[in-house]
Amino acid sequence: MTKPLTILGIETSCDETAAAVLRLEGGRATLLSDVIRTQVEEHAPYRGVVPEIAARAHAEIADHTVSKAMADAGISYAELDGVAATAGPGLIGGVLVGLMTGKAIAQAAGIPFIPVNHLEGHALSPRLDSDCPFPYLLLLVSGGHCQFLEVRGLGDYRRLGSTIDDAVGEAFDKVAKLMGLGFPGGPAVERLAAQGNAKAHELPRPLLNRPGLEMSFSGLKSAVARVVDGAADEAAKADICASFQAAICDVLAEKSRRALVAFDPGAEVRRFVVAGGVAANKAIRTALEVAAAESGARLIAPPLRHCTDNAAMIALAGAERLAAGLVGEGDGLDAGSRPRWPLDEASALSAPVYGGGHKGAKA
Ligand code: KG4
Ligand code: ZN
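Residues numbered from 1 in each chain as written. Chains lettered and ligands numbered in written order. Predicted model: local features only at pLDDT ≥ 70, side-chain atom pairs only at ≥ 80, totals over all residues. Heavy atoms only, no water.

1. As for the sheet that holds strand β9 (residues 270–275)
Where strands meet in a sheet, backbone hydrogen bonds hold them as pairs that are either parallel or antiparallel. Pairing within the open sheet is mixed, and its five strands lie in the order β8-β7-β6-β9-β10. Whereas interior strands pair on both sides, the edge strands pair on one side only; in this sheet they are β8 (156–162) and β10 (297–300). Put simply, the sheet's adjacent strands are angled 25° from each other on average, direction ignored. Note that β9 and β10 share four bridges and pair parallel. What sits directly across from Arg271, in β10, is Arg298. Sitting on the sheet, helix α10 (residues 282–294) touches β6 (136–141), β9 and β10, and the angle it makes with β10 is about 160°. (Pairing = 2+ DSSP bridges. Helix = DSSP H or I, 4+ residues; strand = E, 2+ residues; numbered from the N terminus. Axes fitted to C-alpha atoms, helices over the stretch in contact; angles between N-to-C directions. Contact = heavy atoms within 4.5 Å.)

This is how it looks when you write it as structure tokens:
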């Protein structure tokens, strides 16, 4: 029996400042605290996340958020076995705040620091609340990412397919912006969609007729832009939201069916996980549930709190890495921050799907 590990996790890569304390014992995770502070109000006037505002807001409240997580857990720093923080990908100013805070605590306490890939946090998030052993198929749908990955084990990810342009969350946010629905866009679009007619507008299902697992959402957003013109009242907007959400559901469900064919772990139970902020969407969860059932697989979706950004998933990734001896150089203290950090690095380097320039491939 390995000894229990108690880890502090810190998340600051986008617009949530979060800290959590988690205990990993016998492969089971127990959350001792889970603090999430959103910056929605700071960014709302700009209808999107402003990197400089995010970095300043993280810097202002990171220390207090960590203290609150420690107080809620009722433990002292001396009782920690390690500190984990998101080292990327994300908005670099914010990432640096969490990374430096984590390193400072680890160094002062004389314990390892574990740099965590934010996407690995999302990939492992189903293991916080459910029994979800490796391997599983993962659909990661967030503000910056949309991809199918085979999760074979800790740190062992294989990309099966990805968006070639916008992420799904990005599409939700842009559609919300077009209609002046406020920020963040996803929940606002979902709320209005519930009152609309999904058949009101015939919107495209990009790349659905092409084989493979590649996805595209920028054309769908442009199609929405064309019908938004003239949609002044709530009812018209609700119809657009419902039609848009239905198109997204159709694409994700069909691509999931194909991904489930491509993913054959040879295990009795095929697990299909949906994670990331967009996994909070109930219509999408339902569509994926149907697709999973048709394919003889079981859908696992984290509770809403652990779909969107949180530190519990970062603490879990850190704990699993520490337990496996995967900490990194200099007890983790040599880790730098990375604005781009694909989970399947080999595929992203040899066959980048999207993202380029000096920052490198996103997937
Ligand atoms: O994982 P997340 O919290 O942050 C990133 O790592 O990107 O995901 C945020 C994204 C945003 O684009 C937001 O609009 C979207 O998730 N989102 C939703 C819903 N809740 C959040 N999209 C659709 N429906 C929702 N209910
Ligand atoms: Zn995220």
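Don't stop here, the text continues.
2. Here we look at the environment of Gly74
If you trace the backbone, Gly74 turns up in the loop between α2 (51–73) and β4 (82–88). Gly74 gets classed as exposed once you look at its relative accessible area, which sits at 60%. In sequence terms Gly74 and Val261 are 187 residues apart; their C-alpha atoms lie 46 Å from each other. (Buried < 20%, exposed > 50% of the residue type's maximum accessible area, 1.4 Å probe, protein only.)

3. Regarding the domain arrangement of the protein chain
A common way to report how large an interface is uses the accessible area buried once the components associate. Domain boundaries assigned for the protein chain yield domain 1 (5–125 + 306–342) and domain 2 (134–301). Of note, the centres of domain 1 and domain 2, computed from C-alpha atoms alone, are 27 Å apart. Contact residues are listed per partner, giving 21 residues for domain 1 and 17 residues for domain 2. A combined buried area of about 1,500 Å² lies between domain 1 and domain 2, and 72% of that area is made up of carbon and sulfur atoms. (Domains from an automatic or database assignment. Buried area = accessible area lost by both parts, 1.4 Å probe.)

4. A look at the nonpolar core
Val141, Phe148, Phe217, Phe244, Ile248, Leu252 and Phe272 are the most contacted members of the largest nonpolar core, which totals 52 residues. The greatest single-element share of this core, amounting to 13 residues, is contributed by helix α9 (residues 234–262). Among all residues touching Phe244, those that are not within four sequence positions of it are Ala171, Phe172, Val175, Val189, Leu203, Leu220 and Val224. Of all hydrophobic cores here, the second largest spans 35 residues; its members include Leu5, Ile7, Ala84 and Leu138. (Core = buried A, V, L, I, M, F, W, Y, C linked by side-chain atoms within 4.5 Å.)

5. A few points about the pairing of strand β1 (residues 5–11)
When a strand is regular, its side chains alternate between the sheet's two faces. Burial analysis of β1 places seven of its seven residues in the buried class, which makes it a mostly covered element. Across the two faces of β1 the burial is the same, with Leu5, Ile7, Gly9 and Glu11 and Thr6, Leu8 and Ile10 all buried. Sheet topology note: the β1/strand β2 (residues 16–25) ladder contains seven bridges and is antiparallel. Bridge pairing in β2 places Ile10 opposite Ala19. As consecutive antiparallel partners, β1 and β2 are separated by four residues. Sheet topology places β1 next to β4; four bridges connect them, and they run parallel. Among the inter-strand pairings, Gly9 is bridged to a residue of β4, identified as Ala84.

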